[in-house]
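Working through the structure, step by step
Residue strings, one per chain:
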Amino acid sequence: MRILSGIQPSGKLHLGNYFGMMRPAIELQERGEAYLFIANYHALTTVSDPAVLRASSMDVALDFLACGLDPERTVFFRQSDVPEVTELAWLLSIVTPMGLLERCHSYKDKTAKGIAPSHGLFAYPVLMAADILAVQSNVVPVGRDQKQHVEVTRDIAIKFNNQYAPVFTIPEPSIQDDVAVVPGIDGQKMSKSYNNHIELFGSEKETRAKIMRTVTDSTPLDEPKNPDTCNVYALYKLFANEAEQQEMADQYRIGGFGYGTAKKALFEKMWAYFEPFRAKREALAAQPDLVESILQRGAEKARHEARQTLQAARQAMGLE
Ligand code: ADP
Ligand code: TRP
């Protein structure tokens, strides 16, 4: 089974990204032949500063490699190193009905947020279809917001296969419903746009300060507290084993346990959890050539697949 997913390089990653997307993406390497790429062509639709795009792409590569992505098991690459997808996107756009794209929520949502309504933004799902179809993936794990794009991909592939020749594997979305939403320090969904996030690899001082700012209620220290409505406890649970979770929950309920103490425990747990990843990240950051060669090796494998698919599509359409 071939599994492919892509991640837009959109700045420093936080705990919500880690538990909601990175860790599940890294675990794909246990489930089948995994492909994971940094969607920098897609990011061009929203990032206009070249230095920012370059740096964010490198950050994402470092974050994933540091957090356990094994490039021997996952084909890991930068989208723009597989330029075959852009040609394939054009071929696919020929069979893509306008109405299909007009129905996509993401274009409407993004323009409503003030992102310039460019052709690239509108045609974004066709490029995504090309990413998926180029390597003939069977399964595409995505968040709920991307499900429609995988459905569009299926429609495009079915239409092409019927109209020309059976070139493409029809992919299935795999929706990660079981991944809980990670709360931010204010209790809303953790998101960099709300500035309520805790970065994975922030400095010790920043990380501690951010955790100490987590919003709690004003129950006095002596009184019993409810762990199930507390943001600090919700974050602590992500890192603690069952016995540790139970112990802290009991302390909340008994009373005499302050939020400050809970926050310190959360900091210690988080800091220890990421300690090995931090060390690995620092080592990798000092070897940009190594990271580049990993990405290049991944791109070669992906290109090998993409070239074959592209050639079959060109032939089916009469270009060869
Ligand atoms: P942000 O909201 O910080 O801009 P993105 O929208 O770029 O984050 O999210 C990238 C990925 O991380 C998405 O696949 C999304 O499912 C996941 N993700 C982001 N925030 C959270 C969260 N608070 N809880 C769970 N998953 C999240
Ligand atoms: N659009 C996806 C997102 O914003 C990223 C992406 C691009 C992707 N191409 C893909 C995801 C192909 C899965 C498969 O999250």
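Structure report, in brief. (Residues numbered from 1 in each chain as written. Chains lettered and ligands numbered in written order. Predicted model: local features only at pLDDT ≥ 70, side-chain atom pairs only at ≥ 80, totals over all residues. Heavy atoms only, no water.)

Remarks on the site of ligand 1
By nearness alone, 13 residues border ligand 1, and His-14, Val-182, Met-190, Ser-191 and Lys-192 come closest of all. The backbone of Met-190 places a nitrogen or oxygen atom 2.9 Å from a nitrogen atom of ligand 1. Isolated, ligand 1 exposes 540 Å² of accessible area, and the fraction of that covered by the protein chains is 73%. (Near = heavy atom within 4 Å. Polar contact = N/O pair within 3.5 Å; in protein donor to acceptor, adjacent residues only side chain to side chain. Areas by Shrake-Rupley, 256 points an atom, 1.4 Å probe, with all protein chains shown as cover.)

Concerning the layout of surface pockets
In this structure, the second largest pocket spans a volume of roughly 330 Å³. What lines the second largest pocket is a set of 18 residues, and nearest its centre among them are Ala-89, His-119, Ala-123, Val-126 and Leu-127. Secondary-structure elements contributing two or more residues to the lining of the second largest pocket are helix H2 (40–43), helix H4 (84–94), helix H5 (98–102) and helix H7 (119–134). For the lining of the second largest pocket, the residue count by class is eleven nonpolar, seven polar and no charged. (1 Å grid on protein atoms, 1.4 Å probe; cavity = no way out; pocket = protein on both sides within 12 Å on 5 of 7 lines; lining within 4 Å. Points joined across faces, edges and corners; volume = space filled by probe spheres on them. Helix = DSSP H or I, 4+ residues; strand = E, 2+ residues; numbered from the N terminus. Nonpolar A, V, L, I, M, F, W, Y, C, P; charged D, E, K, R; others polar.)

Quick notes on the nonpolar core
Judged by nonpolar contacts, the single largest core of 49 residues is most densely connected at Leu-15, Phe-64, Phe-76 and Tyr-252. Going through the elements one at a time, helix H1 (15–27), strand S2 (33–38), helix H3 (50–66), helix H10 (231–239), helix H11 (242–254), helix H12 (259–285) and helix H13 (288–317) are the ones with two or more residues in this core. When residues in this core are grouped by element, the largest group, nine residues, is from H12. The two domains that each donate at least three residues to this core are domain 1 (2–181 + 288–317) and domain 2 (202–273). Setting aside anything within four residues of it in sequence, one finds Leu-15 in contact with Val-182, Met-190, Ile-198, Leu-200, Leu-235, Phe-239, Met-270 and Phe-274. Core analysis: the second largest hydrophobic core is formed by 42 residues, Val-85, Ala-129, Ile-156 and Ala-302 among them. (Core = buried A, V, L, I, M, F, W, Y, C linked by side-chain atoms within 4.5 Å. Buried < 20%, exposed > 50% of the residue type's maximum accessible area, 1.4 Å probe, protein only. Domains from an automatic or database assignment. Contact = heavy atoms within 4.5 Å.)

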